[in-house]
Amino acid sequence: MDTFFDLGTTFDLLALDIVHRALIAGAVLGLLAGVLGPLVVTRKMSFAVHGTSELAFTGGAAALLLGVSVGYGAVGGAVLAALLLGLLSQKDSERDSVIGAVLAFGLGLGVLFLALYDGRATTKFGLLVGQPFGVAADNVWQLVGTAALVLVVLACLYRPLLFASVDPDVAAARGVPVRVLTPVFAVLVGIATALSVQIVGALLVLALMITPAAAACRVTSSPGRATLLSVLFAEVAVLGGIVLSLAPGLPVSAFVTAISFAIYVGCRVVGRVRVRRIGNRRVAAAA
């Protein structure tokens, strides 16, 4: 247990360039996930994010097999999954079945690609649980550029996206192109999911993409405040997870998920207390 709290080892490792790159990558992904997360939760796309992460895993495994960049493969797989989900699940009644079919297809194909790959087992394992300390300098710039592009597109579409997320029927009646926005937003989520796979792995993307946003939505109903809190929670989870994993040398994803879940539980408690106080004030006012 002493290794978990070895501050000397942690500070020594924080001076390394690979740790600096991991922290920069984590901060970028925390910002991206925190901004997209509230919209994902509002649109009830949590399961879709999980399905998209499986295709990101498949794309990364295919990239390993072909000897190309895992990042490009993961983005390609995630974008393909996002397009499939966005185009095939226009109706809410068929969304879960489409996601289940895509998820099963992605897992099966990804396992096949990994079985055919003759490289190191740690590289295979990294696709599932993340490998932030393997991010090269070129990959950091690629990550920053891709995240900036996603955020710019999201800023241009934010108002109609928020309207379509809160009340799609009224948005469609007001002339908002809901059918066009759905696959576009799915692609943005797919890219963010693929980038998150490098940090927390395909199996635990929800810890970064969903949990901070779900926690924020528990304590506020304001879209702006929810986005700010979501970014804050995501940054705390990913950066805190990276730092805590240094001394013991354990997978980062375990710490990221633990911090995210602790924040979520705390926000649920705060949300319940807040609701009770509002209820008591209304009762007192009525009396």
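Before reading on, note that the structure itself is shown above.
Cut-offs and rules
Residues numbered from 1 in each chain as written. Predicted model: local features only at pLDDT ≥ 70, side-chain atom pairs only at ≥ 80, totals over all residues. Heavy atoms only, no water. Helix = DSSP H or I, 4+ residues; strand = E, 2+ residues; numbered from the N terminus. Buried < 20%, exposed > 50% of the residue type's maximum accessible area, 1.4 Å probe, protein only. Contact = heavy atoms within 4.5 Å. Areas by Shrake-Rupley, 256 points an atom, 1.4 Å probe, with all protein chains shown as cover. 1 Å grid on protein atoms, 1.4 Å probe; cavity = no way out; pocket = protein on both sides within 12 Å on 5 of 7 lines; lining within 4 Å. Points joined across faces, edges and corners; volume = space filled by probe spheres on them. Nonpolar A, V, L, I, M, F, W, Y, C, P; charged D, E, K, R; others polar. Core = buried A, V, L, I, M, F, W, Y, C linked by side-chain atoms within 4.5 Å. Axes fitted to C-alpha atoms, helices over the stretch in contact; angles between N-to-C directions. Parallel < 35°, antiparallel > 145°, perpendicular 65-115°, else oblique. Left-handed = near helix turned anticlockwise from the far one by under 90°.

Focus: the overall build of the protein
Right, so step 1: Each helix and strand in the protein was counted, giving 13 helices and zero strands.
Right, so step 2: Going residue by residue from the N terminus, the α and β elements of the protein occur as α-α-α-α-α-α-α-α-α-α-α-α-α.
Right, so step 3: Counting across all 287 residues of the protein, residues that qualify as buried make up 47%.
Right, so step 4: Taking as baseline every contact in the protein between residues at least 6 positions apart, the subset at least 24 positions apart corresponds to 75%.
Right, so step 5: For the protein, the exposed area adds up to about 14000 Å²; of that, 68% sits on carbon and sulfur atoms.

Thoughts on empty space enclosed by the protein
Right, so step 1: As enumerated under the stated definition, the model contains one cavity of 30 Å³ or more in all.
Right, so step 2: Here the largest cavity defines a volume of roughly 40 Å³.
Right, so step 3: Met45, Ala48, Val49, Thr52, Ala82, Leu85, Ala186 and Val189 are the residues that line the largest cavity.
Right, so step 4: Those elements that place two or more of their residues in the lining of the largest cavity are helix 3 (46–66), helix 4 (70–88) and helix 9 (178–200).
Right, so step 5: Each residue belonging to the lining of the largest cavity can be placed in one class, and the counts come to seven nonpolar, one polar and no charged.

Focus on the environment of Gly240
Right, so step 1: In this fold, Gly240 is placed in helix 12 (residues 223–246).
Right, so step 2: A C-alpha to C-alpha distance of 9.7 Å links Gly240 and Gly26, two positions 214 residues apart in sequence.

Structural notes on the nonpolar core
Right, so step 1: If you look at the biggest cluster of nonpolar residues, it comprises 72 residues, and the most contacted ones within it are Leu36, Leu154, Phe185 and Met209.
Right, so step 2: For this core, the element with the most residues is helix 9, which contributes 13 residues.
Right, so step 3: Residues within four places of Met209 in sequence aside, it is in contact with Ala33, Leu36, Gly37, Val49, Val189, Ala192, Thr193 and Ser196.

Some thoughts on the packing of helix 2 (residues 17–42) against helix 12
Right, so step 1: Following both chains from N to C, one finds helix 2 and helix 12 inclined at 155°, their axes separated by 7 Å at the closest point. When the axes of helix 2 and helix 12 are compared, the pair comes out roughly antiparallel. Both helix 2 and helix 12 take part in a crossing whose hand is right-handed. In this structure, helix 2 uses Val19, Ala22, Leu23, Gly26, Ala27, Gly30, Leu31, Ala33, Gly34, Val35 and Pro38 to contact helix 12, whose residues at the interface are Ala226, Thr227, Ser230, Val231, Ala234, Glu235, Val238, Leu239, Ile242, Val243 and Leu246.
Right, so step 2: Of the residues assigned to the contact of helix 2 with helix 12, the class counts are 16 nonpolar, five polar and one charged.

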